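Below are the chains, spelled out letter by letter.
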Amino acid sequence: MLESKNPKCRELAYQVKLNCLKMVYGGQSGHIGSMLSCAEILSVLYLKILRNITPEDAKNLERDRLIFSKGHGGGALFATLAELGYFPKEWLDTYYQDAGKLSGHISHHINGVEFSTGSLGHGMPVAAGMALVGYRTKQKHHVFCVVSDGDCNAGSTWEAIMLAGQHGWDNLTMIVDYNRLQALGNSEDIINLEPFDAKLRDFGWGVKTVEDGHDVNELEKALTKLPVEKGKPSAIICRTIKGKGVSFMEGNFNCHYGPVTKELYEKAVAEIKAKGI
Amino acid sequence: MRAAFNKALLEIAKKDPRVYMILADIGYGEIEGFANAFPKRFINCGVAEQNMTGVACGVAMEGNIAITYSIANFPTLRCLEQIRNDVCYHKANVKIVIIGGGMAYGPLGISHHSTEDLAILRALPNMVVIAPCDIPEAIEATKAMMAYNGPVYYRCGYKKEPNVYDAPVKFTIGKANVIRDGKDATVIFTGTIGHNCKLAVEELAKKGIKCRLISMHTVKPIDVEAIKNAATQTGAIITVEEHNICGGLGSAVAEVLMDGGVGKVPFKRLALPDVNVSKIGSQKWLIEEYGLGVQHIAKAVKGILK
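Note that the structure is a prediction, hence the values are computed from the model and not measured.

Right, let's talk about the domain arrangement of chain B for a bit. Residues and elements named next belong to chain B. The domains assigned to chain B are domain 1 (2-156) and domain 2 (177-305). Of note, the centres of domain 1 and domain 2, computed from C-alpha atoms alone, are 26 Å apart. Facing 25 residues of domain 1, the contacting portion of domain 2 comprises 31 residues. At the level of secondary structure, the elements contributing two or more residues to the side of domain 1 that touches domain 2 comprise helix H5 (117-122), strand E5 (128-130) and helix H6 (135-147). Per-class residue counts for the side of domain 1 that touches domain 2 are 14 nonpolar, six polar and five charged.

Here it is in structure tokens:
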């Protein structure tokens, strides 16, 4: 049933991926793998989950908050917002360029971006602070925070996880773009987070794993029924693939920093287009 | 001073439901009033200053005023990047309050001294840096800080600081206070070292040297006019701060003098030497040891007027 409901999510994710490739190639920047990893997560959030936020009213007090903590993958958020009309699409062509509108990491100066990030480990404490206020003043909105593997190396992320677990802020959801690759290699060789779900449960969180973090139906299902457990903050661990959709980038940590040549760019675009929506 | 700050804050919080206190397990004997009166606006994040600052920023982003509060370096240096990226970049209404500016925690040692804070915090865009000198000034500074919309660093003293002002204190952020006037030289200070400056200036007055005494309670934005006036109306400028010689009040005043084209005035900075404060003793003793006693200040004034 869900299959038929979500062509829009797949279409948006598809456009986001093509945009990201173009942006990264145009700006000769890095982090394409991190962007391709979360295109579906963002599409589902914006089309299916986040309430009371529109391009015309991005600061509505009743909006669901989304802190995108993996700021280096922010190209994907910019592309999502542009596709949805939060700012002119032409701005994407200025990504990472001199006098450009869009920086390599996301900025709150852009309509629709809740919070600027870029240095990992900053998103969760801020999200926790927002959740604290919403919880204690009985507001109806939800606070989401998208984190990366690298984010979960940072002590400050775990400080926030402990605090939110301690107080049972069930209006807070951490979405992990869990591609298990980070800047210099495999996460399990650097800081192994496993058993990740058990760790989070031990810290007082309700946890759900999305086995295919690129399946928009699975993502929607997991993100629709929140909190995972009443009285606890929720973690949605999305098992994703860094560089998803481009065969020579998938699971290859070189796509964290590696530049995209003209040849690789064209090849990548052709692969994304061949797979279609 | 910390008791006066907490009392003033509590009074403001009674009238303003936006005031939250975000702690990192510090404040014994002082913060209970707030915690008991406003449990929903109080949280102890545990010994986790980065999280404390991020949480405070999130609270402020929701339209509130968030106070972070801890000892000396704890709520500043540990979490400096959260202050820079989260608080300052977003102009979040977060007030970073330290207890025990300078060497107020004396024998506890260097981990509990705050002697580079003015330099570091004033380098951050959107940050206001305040260091009151006595309890009346601290109370007025608290009111001004809470009325201001944006990030503020507040360098609070510790206990029972003697008064520097004789008259009631007027406090405007960025507007220095002339406590006493004179033409021979100007002593500009910030923070609780002001009392030594006051005593030095009084002693000099008995010997016929009339000094202007200025509380530069706001180190950023600094009062350019007060500094330029001191340079053109008095014979010399001496700055005094319980802070490393690098980058603090003295540096800020020197910048104004040079940029303002009034750099020819005889000028001297009195501050802590650029060393780690490794000697052990009370604040009073350490101040003498490191050259910021009353006699040191008086001597510096006399020296520059020779």
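Let's shift gears to the interface of chain A and chain B. Facing the 18 residues of chain A at the interface are 21 residues of chain B. For the side of chain A that touches chain B, the secondary-structure elements that each account for two or more residues are helix H6 (123-136) and helix H7 (155-167) of chain A. Here the side of chain A that touches chain B is built from residues that sort into 10 nonpolar, six polar and two charged.

Residues and elements named next belong to chain B. Sheet architecture is open: five strands sit in the order E7-E9-E8-E11-E12, paired in mixed fashion. Unpaired on one side and paired on the other, strand E7 (177-180) and strand E12 (267-272) mark the two borders of the sheet. Between one strand axis and the next, the sheet turns through 25° on average, direction left out of account. Bridge analysis of strand E8 (residues 185-190) against strand E11 (residues 237-244) gives five bridges, and the strand direction is parallel. Directly across from Phe189, in E11, lies its bridge partner Val240. Against the sheet, helix H7 (residues 194-206) makes contact with E7, E8, strand E9 (211-215) and E11, and its axis sits at roughly 170° relative to E9, the strand it touches most.

Across chain B, the average pLDDT comes to 97, with 100% of residues at 70 or higher. Predicted as a complex, the structure gets a pTM of 0.96 and an ipTM equal to 0.95.

What counts, and at which threshold
Residues numbered from 1 in each chain as written. Chains lettered and ligands numbered in written order. Predicted model: local features only at pLDDT ≥ 70, side-chain atom pairs only at ≥ 80, totals over all residues. Domains from an automatic or database assignment. Contact = placed C-beta atoms within 7 Å. Helix = DSSP H or I, 4+ residues; strand = E, 2+ residues; numbered from the N terminus. Nonpolar A, V, L, I, M, F, W, Y, C, P; charged D, E, K, R; others polar. Pairing = 2+ DSSP bridges. Axes fitted to C-alpha atoms, helices over the stretch in contact; angles between N-to-C directions. pLDDT = per-residue confidence, 0-100.

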